[in-house]
2 protein chains.
Amino acid sequence: MKKTARAHTNIALIKYWGKADAKLRIPLMSSLSMTLDAFYTDTSLEIGEEDGFYLNGQFQYEESSRRVLAYLDFLREKYQINDKLIVKSQNHVPTSAGLASSSSAFAALAASFAAFYDLDLDKAQLSRLARMGSGSASRSIYGGFAIWQKGFDDASSYAFALDEEPDIDLQLLAVEINQNPKKISSTQGMQQAISSPFFKPWVERNEVELNEMVAAIRKKDFSKIGSIAELNANEMHAINLTAKPEFTYFEPNTIKAIKLVEKLRNDGLECYYTIDAGPNVKILTKLKNVKDIKEIFMKEFPNVNIISAGFGPGISILD
Amino acid sequence: MKKTARAHTNIALIKYWGKADAKLRIPLMSSLSMTLDAFYTDTSLEIGEEDGFYLNGQFQYEESSRRVLAYLDFLREKYQINDKLIVKSQNHVPTSAGLASSSSAFAALAASFAAFYDLDLDKAQLSRLARMGSGSASRSIYGGFAIWQKGFDDASSYAFALDEEPDIDLQLLAVEINQNPKKISSTQGMQQAISSPFFKPWVERNEVELNEMVAAIRKKDFSKIGSIAELNANEMHAINLTAKPEFTYFEPNTIKAIKLVEKLRNDGLECYYTIDAGPNVKILTKLKNVKDIKEIFMKEFPNVNIISAGFGPGISILD
């Protein structure tokens, strides 16, 4: 017997960057994301002789399996299950996309576990479960636009769908600047960010920013969606730049890409950027501009991969 | 008859970035600077048939002379003088240093005017006068460390000497990343910066930051001086990054230089950076490290000029 779930990655347009409770992964701010059709993870669960985690057909040892096995322990303890389990994940998130796969990975694992043990969870409960694997996974339960409401405890901190099938012309271009693992993990970055003098105003602004973004989405206002997302991402990076000690995920080519987006926008090819905890730049634009922007970026960054994505669906059980 | 004054440039370790009154150049925050021995401007004043401004022996037309001639008008109106004046400036601030010369230029011009007309101004009055030419010029009246107290009107906004001959081992390395004129002037940048959600906390922090820096200077604590200066510069650039619309003076090589400073510091070669309204990076370090840091930077940036400076003196009248 085996259960397989598919979850798509999401990109936060209003970022999660700061934890109220590290163990329970309760954030200091609510976040809002776009689920992406181009990137997903298929994860199956079955009973084995020993626990094991296979990624893209390869058995994962030690460090590479630790986080997944720890999450299995959490799930088994919560539901009082004693089985040894084999997790097999197929990651359809090219490393070269410069997108983190933990959102789709832990959403798919939570969903396959729930299906395997017939837990009969609603989506909010599944989102809570995914959150314990990776904060951003809470949002990958849903398609389209999702909001992870910060809440104040385990029961209240989960995502819900804002609009699972948005009728908005919005495309994302993932520009891979560097595919090396980042030197400062998100967990470490978030811890350090708290020391910024701008961290408190950043947290205090969250509600206003979220409301502005929801209003822009309801109005299908691409320019507003893009400019709010760009400002929100820059706030997060501004906080890192002013932490003690300061740090930045930007690399020289990140600045080059930022300036190119600004230039294209000023030249009438409307686009905006957002940047997660890494050097890679994601461009938000309309479908009609995708081809031109891709061509211009590929000229300026000859060795860089660019993948485009639209809205992706929520979680599904494949078999 | 002719009077010549010499003023040295200064680098702000606590930055001026925001105006309370644009016309009177009254800032929203107090700033603190180090006057630099390596860079200075000599300016002479004499009576002519017509107004004229010569820079490094070249007559300056139109745009290039406008700011200087407008400042002459202000000076003549204030002191009810009707002479036509010839200004001759010799700028010993290599373009390649990536340092703005307006601090030394307007300090030297104010001082030569005061000397020429025997105005009998004390240094605070001279600082106020220089401020009307360029805010940072108010600090170039003094050697060593100077503080420009923001004040609240023309009479109260001027610089004073914190320590004109500091007994601190502190050197500055000016790393020229790009010598093209910046696309966003300081005046425009300051106007735009006000729209950042972090602008208000930046202004509110000024007093605390200034006090911390004064304490570090009094303790001759190089590490503290360097790290406070670095954070303060990053705050200014974080504000630009989060303005509406966002902008940044950083270029790809600015990020490269920042990361190299971080690396050298982690490797035990203690240094810090500060960055003004432009892409160029200034490194703060101790005398014993200057040679090593210069060599390493020249390897990583083969086409870049690096000039070192120590504490410079205050204003002087040459003849």
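Everything here concerns the structure above.
The written sequence of each chain sets the order in which its residues are numbered from 1. Chain labels run from A onward and ligand labels from 1 onward, assigned in the order the entries are written. Side-chain atom pairs in this predicted model are given and counted only at pLDDT of 80 or more, local residue features only at pLDDT of at least 70, and totals for whole chains, interfaces and linings cover all residues. With hydrogens and water set aside, each side-chain value is computed from the structure's full complement of heavy atoms.

S.K.: How would you explain the packing of helix α1 (residues 62–78) of chain A against helix α2 (residues 102–116) of chain A if you had to name every residue and give the values?
M.R.: Residue and element names in this part refer to chain A. Here the axes come from fitting lines to C-alpha atoms, over the contacting stretch only for helices, and the angles between their N-to-C directions go from 0 to 180 degrees. Secondary structure elements follow DSSP: runs of H or I of four or more residues count as helices, runs of E of two or more count as strands, with numbering from the N terminus. Orientation of α1 relative to α2, taken along the N-to-C sense of each, is 35°, at an axis distance of 12 Å. For the crossing formed where α1 meets α2, the hand is right-handed. Residues Arg67, Val68, Tyr71, Leu72, Leu75 and Arg76 of α1 lie in contact with α2, whose contacting residues are Phe106, Leu109, Ala110 and Phe113. When residues are sorted by character, Ala, Val, Leu, Ile, Met, Phe, Trp, Tyr, Cys and Pro go into the nonpolar class, Asp, Glu, Lys and Arg into the charged class, and all the rest, Gly among them, into the polar class. Grouping the constituent residues of the contact of α1 with α2 by class yields 8 nonpolar, no polar and 2 charged. Throughout, a crossing is termed right-handed when the near helix is turned clockwise from the far one, and left-handed when it is turned anticlockwise from it by less than a right angle. Contact criterion: two residues are considered in contact whenever any of their non-hydrogen atoms come within 4.5 Å of each other.

S.K.: I'd like a rundown of the relation of the copies chain A and chain B, residues and numbers included.
M.R.: The least-squares superposition of copies is restricted to C-alpha atoms, and to residues with a pLDDT of at least 70 in both copies. With an RMSD of 0.0 Å, the fit of chain A onto chain B corresponds to turning through 180° and sliding 0.0 Å along the axis. Taken together, the rotation and translation relating the two chain copies correspond to the operation of a two-fold axis. Scanning chain A for the C-alpha nearest the rotation axis identifies Pro252 of chain A, at a separation of 1.9 Å. Of all interface residues in chain A, 100% are interface residues in chain B too; the two copies therefore contact each other through one and the same surface.

S.K.: Which residues make up helix α6 (residues 222–241) of chain B, and what are the values?
M.R.: Residues and elements named next belong to chain B. The first and last C-alpha atoms of α6 sit 28 Å apart over 20 residues, in line with the 28 Å expected at 1.5 Å per residue. Think of it in three bands: residues with accessible area under 20% of the maximum for their type are buried, residues over 50% are exposed, and the middle band is partly exposed, with areas taken using a 1.4 Å probe on protein chains only. The buried fraction of α6 is high, at 17 of 20 residues. Polar contact is defined as a pair of N or O atoms within 3.5 Å, subject to the rule that within protein one atom must be able to donate a hydrogen and the other to accept it, and that residues adjacent in sequence are counted only when both atoms are side-chain atoms. For α6, the capping residue at the N-terminal end is Asp221, with a side-chain oxygen 3.2 Å from the backbone nitrogen of Ser223. Multiplying 1.5 Å by the helix residue count minus one yields the expected span of that helix.

S.K.: Which residues make up the pairing of strand β4 (residues 31–47) of chain B, and what values go with them?
M.R.: Moving residue by residue along a regular strand, the side chains alternate between the two faces of the sheet. Residue and element names in this part refer to chain B. Within β4, 13 of the 17 residues are buried, leaving the element largely enclosed by the surrounding structure. Paired strands, as defined in this entry, are two strands with at least two bridges between them according to DSSP. For β4 and strand β8 (residues 145–149), the ladder comprises 4 bridges, and the chain directions are antiparallel. In the sheet register, Leu32 faces β8, and the bridge partner there is Ile147. With 8 bridges connecting them, β4 and strand β7 (residues 85–92) associate as antiparallel partners. Bridging across to β7, Asp42 finds its partner in Gln90.

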